[in-house]
Amino acid sequence: MAPKTLSSFLSPFTLNTIPTAKLPNLHTNPSLILCRFSPAHPKLPHPEPRLPEPEGTGAAAPTPGDRFLESRRSFDAAKIILKEKKKKRLKEKPLKKLSAAVACCYGCGAPLQTSEPDAPGYSDPETYALKKKHHQLKTVICGRCKLLSHGHMITAVGGNGGYSGGKQFIMAEQLREKLLHLRYERVLIVKLVDIVDFNGSFLARVRDLAGANPIILVITKIDLLPKGTDFNCIGDWVVEATVKKKLNVMSVHLTSSKSLVGVAGVASEIQKEKKGRDVYVMGSANVGKSAFISALLKLMAEKDPVAASAQKYKPIQSAVPGTTLGPIQINAFLGGGKPYDTPGVHLHHRQAAVVHSEDLPSLAPQSRLRGQSFPNSQVSGNGTTRKGNSNDLNGYSIFWGGLVRVDVLKVLPETRLTFYGPKSLQIHMVPTDEADEFYQKHVGVLLTPPTGKERAGEWRGLDSQRQLQIKVEDVQRPACDVAISGLGWISIEPICRLLKSSDSNSEKTAGELHLAVHVPKPVEIFVRSPIPVGKSGAEWYQYRELTEKEEEERPKWHY
């Protein structure tokens, strides 16, 4: 009998014709039969490893399109999982808010303790035990706050931006870390800026702390500006400066915590925009956050009984930078959300970071500013009076206390410098060639701060110098302001009307003014557009013409 092929053996028609006696021969070599059994799938020359086939065969088997869609769904799901894990890791990095279970001093926000009498948050053990027994720890004020309220100058902050001359219980970096959680939360930020130290207290990188949360910009201490100042000009100047710094804010408010001017507008804006969120009052150290909150509570107490009761336990106010050492929750809003007073951001480039703690009050203006102009009929440092044709400032140096020295290198004969800052800092003018000797002789006595020969011996001196070349574009207005971080500013007028002579041709020869400004390291010097203060400010200030798009995007200011 001729040998048959494998297909003939397996065909249903051939199977029935095979004799029964020959059937066992089909199973004599099973391995050979199984290897050649693939009639529906031809043998591939180079077989590749394949994934397990999905369930279903024939018409129920998934098509290539189904397999592609399934792979895309798996890929998208994996991306979502990775994204969620990344968010989780980011949220675990920042410090969490101080637990509500930790009892803190309502005056400064420091955790209460009974072991270190000199440290912030200290409370008498008997008082602490009694208040804890009656669940009244929220009404406890620490010993440091009691001393601060009576005028004692007690610093507690050290590190980069901290203060010398006192005990350092906490570092400036630690206070900053207490605010990092805000960028990951949904809150409303009220940012305060001191108008006297606008550039030094602005916090240009506030977004590092606030994240994408909305910001209401509040300008404080406008009652200190010179008499006759037009606040329409000031509002426009502040908005222009804010836009230049590329900080997006909801609105700008000019306020005074002392006279309550503008505070009502801020309260209305907060109620409108908080939408159930907590409200955090932020700003650099000693910018007036606690004073602003007190003014806010005083105004809201007239209509809000919750705010009226919160006035009894409000944050302490002091001239010492670093009074507030932790977030202070205040129960003052109806309808959800609570205001928080926060520790000030301590900046190393301000004058307060280089002077002794007992000299800090001399840096804060206590009354309305009055500019001190030079040249003027002025008694110089050696006791001689400059009169007649001696108005020319070239070759002279002007000392602003012991903190600033301005060398006049090249100016016009009619150029005038006007100093705006604390009245406690006296101003003296001497020839530049005598300036070094004059400073060494009188620092700590005539030139203060530093105050006293002992502190003058430890004083680092005016070891930072900046050369300024100021271009004169319009002689009818000040060329610029030279702002000293943490102190005030100097207005530079190329040609003063009061000093201009009839035969002067300075308007034709006006080009550049050259000054050299000396300050202690690391105090910063800012050159900015002149702020329009006093009656004359409204006369020379020019409003910039805006396009429709700029008008829409520009924040509105309120007073």
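Per-chain numbering applies: the sequence of each chain, read as written, is numbered from 1 onward. For this predicted model, a pLDDT threshold of at least 70 governs which residues receive local features, and a threshold of 80 or more governs which side-chain atom pairs are given and counted, while totals over whole chains, interfaces and linings are taken from all residues. As a convention, hydrogens and water are excluded, and side-chain values are obtained from all of the structure's heavy atoms.

## Focus on the overall build of the protein
Let me state the cut-off plainly: By the criteria applied, helices consist of DSSP H or I runs no shorter than four residues and strands consist of E runs no shorter than two, each listed in order from the N terminus. For the exposure calls, accessible area comes from a 1.4 Å probe over protein chains only, and a residue counts as buried if that area is under 20% of its type's maximum, exposed if over 50%, partly exposed in between. Here, residues are in contact when the closest pair of their heavy atoms is within 4.5 Å. Residue exposure ignores everything except the shown protein chains as possible cover, and the areas themselves are Shrake-Rupley values with a 1.4 Å probe.
The helix and strand tally for the protein stands at 17 helices and 21 strands. In the protein, buried positions account for 45% of the 559 residues. When contacts within the protein are restricted to residue pairs at least 6 apart in sequence, long-range pairs at least 24 apart make up 72% of them. Summing over all exposed atoms, the protein offers an accessible surface of approximately 30500 Å²; the carbon and sulfur share of this is 53%.

## Overview of the sheet that holds strand β7 (residues 328–329)
The line we're drawing: Think of it this way: DSSP has to see at least two bridges between two strands before they count as a pair.
With mixed pairing, the seven strands of this open sheet are ordered in space as β7-β8-β6-β3-β4-β5-β21. Both edges of this open sheet fall to β7 and β21 (556–558), since each of them pairs with a single strand only. Sheet topology note: the strand β4 (residues 215–220)/strand β5 (residues 251–254) ladder contains four bridges and is parallel. From the neighbouring strand, L217 faces β5, where its bridge partner is V252.

## A look at the confidence of the model for the protein
Any residue range with low pLDDT should be treated as having predicted coordinates unsuitable for detailed reading. For the record, the criterion: pLDDT gives the predictor's per-residue confidence on a scale running from 0 to 100.
For the protein, the mean per-residue pLDDT works out to 83, and 80% of the residues sit at or above 70. Residue range residues 1–44 is modelled with pLDDT below 50. Its contacts to residues more than four positions away, or to other chains, number eleven contacts. Below pLDDT 50 for its whole length, residues 377–389 participates in 19 contacts with residues either more than four positions away or in separate chains.

## Looking at helix α9 (residues 231–244)
Formally: One less than the residue count of a helix, multiplied by 1.5 Å, gives the span that helix is expected to have.
With 14 residues, α9 should cover 20 Å at 1.5 Å per step; its first-to-last C-alpha distance of 20 Å lies within 8% of that length. Along α9, eleven of the 14 residues are buried, which leaves the element largely enclosed by surrounding structure. Where α9 is concerned, the buried positions are F231, C233, I234, G235, D236, W237, V238, V239, E240, A241 and T242. Residues of α9 that are buried sit in contact with β4, β5, β20 (525–528), α16 (534–540) and β21.

## Some details on the nonpolar core
Spelled out, the test is: To qualify as a nonpolar core, a set must consist of buried Ala, Val, Leu, Ile, Met, Phe, Trp, Tyr and Cys residues joined through side-chain atoms within 4.5 Å.
Judged by nonpolar contacts, the single largest core of 47 residues is most densely connected at W400, V404, V482, I484 and I492. In terms of residue count, the dominant contributor to this core is strand β19 (residues 512–519) (four residues). Dropping the residues within four chain positions of it, I492 is found in contact with R416, L417, I470, P478, A479, C480, V482, L513 and L515. Ranked by size, the runner-up nonpolar core spans 44 residues in total, among them V193, F198, L203 and C233.

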